[in-house]
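Spelled out from the first residue to the last, the chains are:
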Amino acid sequence: MNLTALRQPGARCLAALVAASVLGLFSPGVFAGSGQEKLQKIRAKWKPGEAMVPEFLTLYPCHEEDQPCGKLPPPAVEKVAFKGPLAGDAARGEKIALDVRWGNCAACHALPGAPGGSVGPSLADYPQRRPPVQYTYQRIWDGRVFNPDAHMPIYGTQGVLTEEEIRDVMAFLYQGKK
Amino acid sequence: MNKSKAGLALGAVAAVGAIASWQAPAGEAAKHDYWPGREKVIPHVSGDRRFSGTYDNWKDEASIRAAKAKGLMSHEMNFKDFRWLEKSFDAWPVLEEGKEYFNQPNAAGKSCASCHGPDGEKLKGVYANLPRFNARLGKVVVGPTQIRACAKDYLGIDGWKENTRPNSVLDMYVAHLSDGRKVDVDVISPGPLKEAYERGKNLYFKRTGQFHFACASCHTPPTVGNYLRGQRPSTFFGDAAHYPIYHFPYTLPGDDLAHVFTLQHQIRSCQMLSRMSQGTEGSRSMVDIEVFLKASANGYPMSIPTQEYNMSTDYLKR
């Protein structure tokens with residue numbers, strides 16, 4: 001079900017409006033918007049490094065089947081194209097990757113110059129493995145393109161990280177050990 | 001293709017996709033993303049053989065002792081070396097507090113003991129069969145909801161809600177009256193419990209929240225057996241047999257529960273850590289998840305009070 005959606009807030013916003021109005025679902029809570037729209041809403045009130053504000057978590061599918069969030073469909077798979085060059089802020093990327101209340105990559109991965117969990121593969125030697133930049137970008141944005149059962153959070157599609165933050169994390173990964 | 005054309009075309013595709021995902025055929029469950037493994041689950045603790053494969057190291061006391069003697073690590077015994085084999089000394093004052101609430105008379109001189117016997121002697125073994133269908137309330141209930149309803153309807157106490165201190169310590173007290181009894185929640189016979197189990201199973205494997213995780217994302221392999229930062233998650237089989245659990249020093253913001261984590265409270269804690277919207281303790285879906293977890297401990301003896309963290313440092317010598 002690899003739905004190809006361009007990472008273009010305008011296009012997806014329009015599509016969403018069409019879909020929502022066709023179905024008469026245009027009420028807050030039932031239609032929660034795209035990941036990047038959610039992200040804008042969240043970032044107006046939440047700063048990375050702080051505890052997540054609970055009210056925003058109802059924007060995503062939840063366990064309470066009697067609540068609107070319990071009926072939300074899973075987010076559609078987003079296919080994205082990386083446009084170079086790779087010019088993120090590696091120091092900020094490291095902070096994002098290590099912070100529990102930001103990207104928290106270290107929960108599952110060992111990272112260049114930093115130990116971490118072992119659920120995901122070690123990324124300590126990431127630059128030496130020379131993975132294509134496009135692959136890395138898509139993997140972080142929405143890994144379901146490669147594997148529908150991928151464990152990793154879908155950082156772009158869900159609006160966990162901004163596009164800029166994903167680029168920063170990539171800069172950190174490709175920079176390798178300092 | 002230029003940008004705007006691509007945007008329009010893909011927007012249309014997105015719209016179709018969005019519609020498709022809302023039009024689940026009548027009578028069928030809504031379509032969600034599920035973590036793999038639902039089809040392998042059975043409502044018995046030995047079901048872990050199909051998951052973490054460590055069951056034979058912790059299936060009974062002799063196995064745990066043998067595993068310890070072999071030098072296996074706690075996660076290879078599903079943490080039963082301290083969460084099941086050893087009682088929590090620190091939790092005894094909590095049981096004392098629970099007993100006080102249990103025997104505490106209201107203005108009319110009535111207490112829990114009026115119906116359930118002094119110190120709850122008639123409640124022995126009951127907790128091993130919870131959650132169960134309560135005909136009076138017309139739904140499947142967990143221990144804390146039973147306590148809330150009893151307190152309100154029979155004692156006129158309105159304040160012992162599921163997430164309050166009196167409720168939590170009472171829950172642990174009543175659960176400890178079933179210490180050693182084998183968990184037995186019948187989710188095979190047709191009825192509300194079986195339905196709750198099936199819903200709970202789906203919820204346990206449903207991907208939710210900002211990280212798009214399921215409960216099962218952490219509590220089945222390959223995450224079980226690996227490190228999440230410095231921690232190793234448990235396999236969910238057999239876990240419910242030692243809940244409510246003494247969870248010192250960890251608490252959720254705003255807690256005043258004497259460090260008692262009922263299973264409902266534990267689920268909320270997991271949801272918070274995984275950036276999922278937290279459920280309400282005692283709600284239908286939260287009860288469904290508890291039914292699933294408790295039935296996944298079927299056949300395993302209850303052990304109350306035990307403690308979430310290993311306070312012994314013996315393992316450092318191994």
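Keep in mind it's a predicted model, so treat the numbers as computed, not measured. (Residues numbered from 1 in each chain as written. Chains lettered and ligands numbered in written order. Predicted model: local features only at pLDDT ≥ 70, side-chain atom pairs only at ≥ 80, totals over all residues. Heavy atoms only, no water.)

### As for the packing of helix α7 (residues 133-142) of chain A against helix α8 (residues 163-175) of chain A
All names here are of chain A. To be explicit about the condition: Fitting a line to C-alpha atoms yields each axis, with helices limited to the stretch in contact; the angle taken between N-to-C directions then spans 0 to 180 degrees. Put simply, DSSP H or I for four residues or longer makes a helix, DSSP E for two residues or longer makes a strand, and each gets a number counted from the N terminus. Every angle not falling under 35 degrees, over 145, or within 65 to 115 is termed oblique; those three ranges are roughly parallel, roughly antiparallel and roughly perpendicular. Here a crossing is called left-handed whenever its near helix is offset anticlockwise from the far helix by less than a right angle, and right-handed whenever the offset is clockwise. We call two residues contacting when some pair of their heavy atoms lies within 4.5 Å. For this classification, Asp, Glu, Lys and Arg are treated as charged, while Ala, Val, Leu, Ile, Met, Phe, Trp, Tyr, Cys and Pro are nonpolar and the rest, including Gly, are polar.
Two elements in contact, α7 and α8, have axes whose closest approach is 11 Å; the angle formed by their N-to-C orientations is 130°. With respect to their mutual orientation, α7 and α8 come out oblique. Considering how the two elements wind past one another, α7 and α8 form a crossing that is right-handed. In this structure, α7 uses Val133, Thr136, Tyr137, Ile140 and Trp141 to contact α8, whose residues at the interface are Glu163, Ile166, Val169, Met170, Leu173 and Tyr174. Counted by class, the contact of α7 with α8 contains 9 nonpolar, 1 polar and 1 charged residues.

### Focus on the confidence of the model for chain B
Worth spelling out the cut-off: The quantity called pLDDT is the predictor's confidence in a given residue, expressed from 0 to 100.
Overall, the prediction assigns chain B a mean pLDDT of 90, with 89% of residues at 70 or greater. The low-confidence segment residues 1-28 of chain B (pLDDT under 50) makes 33 contacts with residues lying over four places distant or belonging to another chain.

### Some thoughts on empty space enclosed by the protein
All names here are of chain B. Rule in force here: Buriedness for pockets is judged along seven lines, at least five of which must meet protein on both sides within 12 Å for an open set on the 1 Å grid over protein atoms alone, while cavities are sets there where a 1.4 Å probe fits but cannot get out, and lining residues have an atom within 4 Å of a point. Grid points are joined across faces, edges and corners, and a volume is the space filled by probe spheres set on the points. Here the bounds of each domain stem from an automatic or database domain assignment.
What the rule picks out here adds up to 1 cavity of 30 Å³ or more. Lining the largest cavity, in full, are Tyr127, Pro144, Asp171, Ala240, Tyr243, Pro244, Thr262, Leu263, Gln264, Glu290 and Lys294. Elements supplying a minimum of two residues to the lining of the largest cavity: α11 (263-273) and α12 (284-295). Its residues assigned to classes, the lining of the largest cavity shows 6 nonpolar, 2 polar and 3 charged. Counting contributing residues per domain, the lining of the largest cavity is built from domain 1 (43-88 + 181-317) and domain 2 (89-176), each supplying no fewer than three.

### Some details on the pattern of salt bridges
All names here are of chain A. Our working rule: Salt-bridge detection follows one rule: a side-chain nitrogen of Lys or Arg within 4 Å of a carboxyl oxygen of Asp or Glu. Categorising residues by exposure relies on relative accessible area from a 1.4 Å probe, with only protein chains included: less than 20% of the type maximum marks a residue as buried, more than 50% marks it as exposed, and the intermediate range marks it as partly exposed.
Tallying each qualifying case throughout the model produces 24 salt bridges over all chains. Residue lysine 95 is joined to aspartate 99 by a salt bridge in which the shortest nitrogen-to-oxygen separation is 3.1 Å. The class for lysine 95 is partly exposed, based on a relative accessible area of 46%. Residues arginine 167 and glutamate 163 are paired through a salt bridge, measuring 3.3 Å at the closest nitrogen-oxygen approach. One end of the pair, arginine 167, and the other, glutamate 163, are both in helix α8, 4 residues apart, so they sit about a helical turn from each other. Arginine 167 sits in the buried class, given a relative accessible area of 17%. Residue glutamate 163 is classed as partly exposed on the basis of its relative accessible area, which comes to 26%. The structure contains a network of salt bridges with shared partners spanning Arg43, Arg92, Glu165 and Asp168.

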